[in-house]
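# Remarks on the overall topology
As a plain string of letters, each chain reads:
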Amino acid sequence: MGVPGSAVSRVTGVDVAYKNFNTGAAQSLPQRLAIFGQGNSDAVYDLTTYECDGSAASVAARYGYGSPLHIAALKLFPTAGVSATFPVTIYPLKEAASATAATGIITVTGKATENTSGKIYIADTLAEFAVSKDDTAVTVMGAIKDAINGVLEMPVVAAIITPEGEDATPYIQLTSKWKGASANLITIDLDAKNLNIGGLTFSKTDMAGGALDPKIDDALARIGDVWETFLMDTLDWKNTDRLDTYQSFGDDRWGWLNKKGCVVAHGCTEDYATRTAITDQRKNDKINFLITSVKSRALPFAICAKGLVSDIMTTADSNPAQGYKGQLTGIHAASAAEQENYTVRNASVMKGASTNIKTGSVAELNDIITFYHPESYGKFPPYRKVVNMVKLQNVVYNVRLVMEAEEFKEAPLVEDSTVTDNPTAVQPKTVKAALYTLADSLAKKAIIQQPDFTKKNMTVAIDGENPDRINVKFPVKLSGNVTVSSSEIFFGFYLGE
């Protein structure tokens, strides 16, 4: 405030007040995850959004144990290891009226010749059972049924079916805990090394018959003005109509009016030929991307959740310029023989499909890319890498912080040469100064490079027709990320003279 204007007697006044001289300093965009999925078919839940409290048990209590939402929450909020430090909001989906569950079969024949135990994996969830010498097949099936039903997060329920007829063979029927086509993704793993039990033979029929996944349109509409930076789909990613819906929604969120860009993550276990048959047809899709672990028995959305929390979103939240290389610990990785070599992975990237490698016994994120790969851009399309989409999110976020600052709203707008003592007046040079600071700050965070290029080519001007409008061009060169390194080694020998 300083010395009041009414003062006439000799006085020296010094007033202290805070003034922000760092307008335009870059801030990291807080990451948020939106999950789209179903609850257990036996659970009763409404369709209001639910912001998770950091507990998978809370999600299970709300949407049912063994549901897609519960299984995803187990990866995002494990009892040990990396847990989500960013907000996670569930947008529950309504089960389709005529949806059906998937079913599968496990059959056991013979008679046990030893005391031992066995293991069966339903998706990536273990059921372990005991076997006593002379146990009949029906007794062993009862033990398997009880083992499966005794695991809360199991995606199926088991029942012993005894068909009519004198020669009919009893079997275990597995029924998915939710209805829809995505339930067909549940795998049954009867690994011989886990079932090497003398006198018994095990066989299976894979899960099938699940039909009619829920619609996502209403859930997407519930996002509203919230800036959900990542969306996670728990349905089968190969449904192209649903991919279209996500793409249309995402493209709109990147538009000038919404200014809340997002990307959509899908889990994937398909091999190169299967996944690229779809991604290669979506050359202009910069919204959808895969988190891949080839041939894993795990549910794809469990892979997706683990990839997001173990590296992608955790890194995007703390260091948005950093690329992704995390490991899918705790998730089954297929054998080394089933992994893809460099030639296949390189071809996959060229067709818009993410890849993984295997380090020891663990799958590791390798190329995390969107489907975007128009032929006109050749080998290096601009929206390929998910990390670059995150960088762009941060650029948009920070430009918004500058241009939507409270002091700019409805402020008097005058051109640079006008001399004014109005403390609320805004001139193009005022805006430019803040954007200069932003360019330097984004470069310090390694989100962009060559800030001098940005400042040299930036324009801020009052519109030629509308005196209430200011036009800004803020060109940036995004930073790169080390993906390929090339070293040459030359050698020779010393030869005596």
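Above: the structure in question.
Since the model is a prediction, treat every value here as computed from it, not as a measurement.

### Comments concerning the overall build of the protein
For the protein, the count of helices and strands is eleven helices and 19 strands. Dimensions of the protein along its principal axes, counting C-alpha atoms only, are 110 × 85 × 45 Å. Expressed as a percentage of its 497 residues, the buried residues of the protein come to 46%. Pairs at least 24 apart in sequence give 69% of the contacts found in the protein among residues at least 6 apart. With 47 positive and 55 negative side-chain charges, the protein shows a spacing of 5 Å between the two charge centroids.

### Thoughts on the nonpolar core
Counting residues in hydrophobic clusters, the biggest one holds 79 residues, and the most contacted among them are Phe230 and Leu308. Contact partners of Phe230, with chain neighbours within four places excluded, come to Gln31, Arg32, Leu33, Ala34, Val263, Phe289, Leu308, Ile312, Met313, Ala316, Val386 and Val390. In this structure, Val402, Leu438, Ala439 and Ile447 belong to the second largest nonpolar core, which totals 18 residues.

### Thoughts on the packing of aromatic side chains
Inspection of every chain in the model, using the stated rule, returns twelve aromatic pairs. Taking 5.3 Å as the distance between ring centres and 15° as the angle between the ring planes, the aromatic pair formed by Phe36 and Tyr91 counts as stacked. Of the two residues, Phe36 is situated in strand E1 (residues 33–37) and Tyr91 in strand E3 (residues 88–92); the sequence distance between them amounts to 55 residues. Looking at Phe36, the relative accessible area reads 0%, which means it is buried. Taking the relative accessible area as the measure of exposure, Tyr91 reaches 2% and is therefore buried. Between the aromatic rings of Tyr50 and Tyr63, the centroid separation amounts to 6.3 Å while the plane-to-plane angle is 65°, which identifies the pairing as edge-to-face. Here Tyr50 is found in strand E2 (residues 50–51), whereas its partner Tyr63 is found in helix H1 (residues 56–63), with 13 residues between them in sequence. One exposure class covers both Tyr50 and Tyr63, and it is buried.

### Digging into the layout of surface pockets
Picture a little ball the size of a water molecule; that probe, rolled over the atoms, points out where space is still empty. Empty space within the largest pocket amounts to approximately 1,200 Å³. Forming the boundary of the largest pocket are 34 residues, of which Lys259, Val399, Met403, Ile470 and Val472 lie nearest the centre. Of all the secondary-structure elements, those providing two or more residues to the lining of the largest pocket are helix H9 (386–403) and strand E18 (470–473). Its residues placed into classes, the lining of the largest pocket shows 21 nonpolar, four polar and nine charged. Estimated volume of the second largest pocket: approximately 1,100 Å³. Lining the second largest pocket are 29 residues; nearest its centre among them are Asp367, Lys385, Asn481, Thr483 and Val484. For the lining of the second largest pocket, the elements supplying multiple residues, two or more each, are helix H8 (342–350), strand E15 (362–367) and H9. The biggest single contributor to the lining of the second largest pocket is H8, with five residues. Partitioned by chemical class, the residues of the lining of the second largest pocket number 13 nonpolar, nine polar and seven charged.

### A few points about the sheet that holds E1
Pairing is mixed in the open sheet, where six strands are placed in the order E2-E3-E1-E11-E12-E13. A strand with exactly one partner marks an edge of an open sheet, and here the two such strands are E2 and strand E13 (288–292). Bridge count between E2 and E3: two bridges; the pairing is antiparallel. Its bridge partner being in E3, Tyr50 is matched across the sheet by Ile90. Taken strand by strand, helix H5 (residues 240–253) contacts E1, strand E11 (230–233), strand E12 (263–268) and E13, and its axis lies near 170° from that of E11.

### Focus: the pattern of salt bridges
Under the defined criterion, the tally for this structure stands at 20 salt bridges. Here Arg275 and Glu340 are joined by a salt bridge, their closest N and O atoms 2.7 Å apart. Linking Arg275 in helix H6 (residues 272–279) with Glu340 in the loop between helix H7 (300–318) and H8, this pair joins segments that are 65 residues apart in sequence. For the residue pair Arg275 and Glu340, the accessibility class agrees, reading buried in each case. Arg400 is paired through a salt bridge with Glu404; the nearest N and O atoms lie 3.1 Å apart. The class for Arg400 is buried, based on a relative accessible area of 19%. Connected through shared salt-bridge partners, Arg32, Glu51 and Glu228 make up one network.

### What to know about the environment of Lys432
Looking at the secondary structure, you find Lys432 in helix H10 (residues 428–444). Residue classification places Lys432 among the partly exposed positions, given a relative accessible area of 27%. Counting along the chain gives 358 residues from Lys432 to Leu74, while the straight-line C-alpha distance between them is 47 Å.

### Notes on H1
Since the α-helix turns once every 3.6 residues, residues separated by three or four places project in the same direction. For H1, the complete set of buried residues consists of Ala56, Val59, Ala60 and Tyr63. Buried positions in H1, seen along its axis, are confined to an arc of 100° and lie on one side of it. Looking at the buried residues of H1, the elements they touch are E2, helix H2 (68–76) and E3. For H1, the side-chain oxygen to backbone nitrogen distance between the N-cap and Ala57 is 3.2 Å, and the N-cap itself is Ser55. Count one or two residues on from H1 and you reach Gly64, which has phi positive near 100°.

Here is what the cut-offs are and how they apply
- Residues numbered from 1 in each chain as written.
- Predicted model: local features only at pLDDT ≥ 70, side-chain atom pairs only at ≥ 80, totals over all residues.
- Heavy atoms only, no water.
- Helix = DSSP H or I, 4+ residues; strand = E, 2+ residues; numbered from the N terminus.
- Buried < 20%, exposed > 50% of the residue type's maximum accessible area, 1.4 Å probe, protein only.
- Contact = heavy atoms within 4.5 Å.
- Lys, Arg positive; Asp, Glu negative; His and termini not counted.
- Charge placed at Lys NZ, Arg CZ, Asp CG, Glu CD.
- Core = buried A, V, L, I, M, F, W, Y, C linked by side-chain atoms within 4.5 Å.
- Phe/Tyr/Trp six-rings, centres within 6.5 Å; stacked < 30°, edge-to-face > 60°.
- 1 Å grid on protein atoms, 1.4 Å probe; cavity = no way out; pocket = protein on both sides within 12 Å on 5 of 7 lines; lining within 4 Å.
- Points joined across faces, edges and corners; volume = space filled by probe spheres on them.
- Nonpolar A, V, L, I, M, F, W, Y, C, P; charged D, E, K, R; others polar.
- Pairing = 2+ DSSP bridges.
- Axes fitted to C-alpha atoms, helices over the stretch in contact; angles between N-to-C directions.
- Salt bridge = Lys/Arg side-chain N within 4 Å of Asp/Glu carboxyl O.
- Arc of directions from axis to C-beta.
- Polar contact = N/O pair within 3.5 Å; in protein donor to acceptor, adjacent residues only side chain to side chain.

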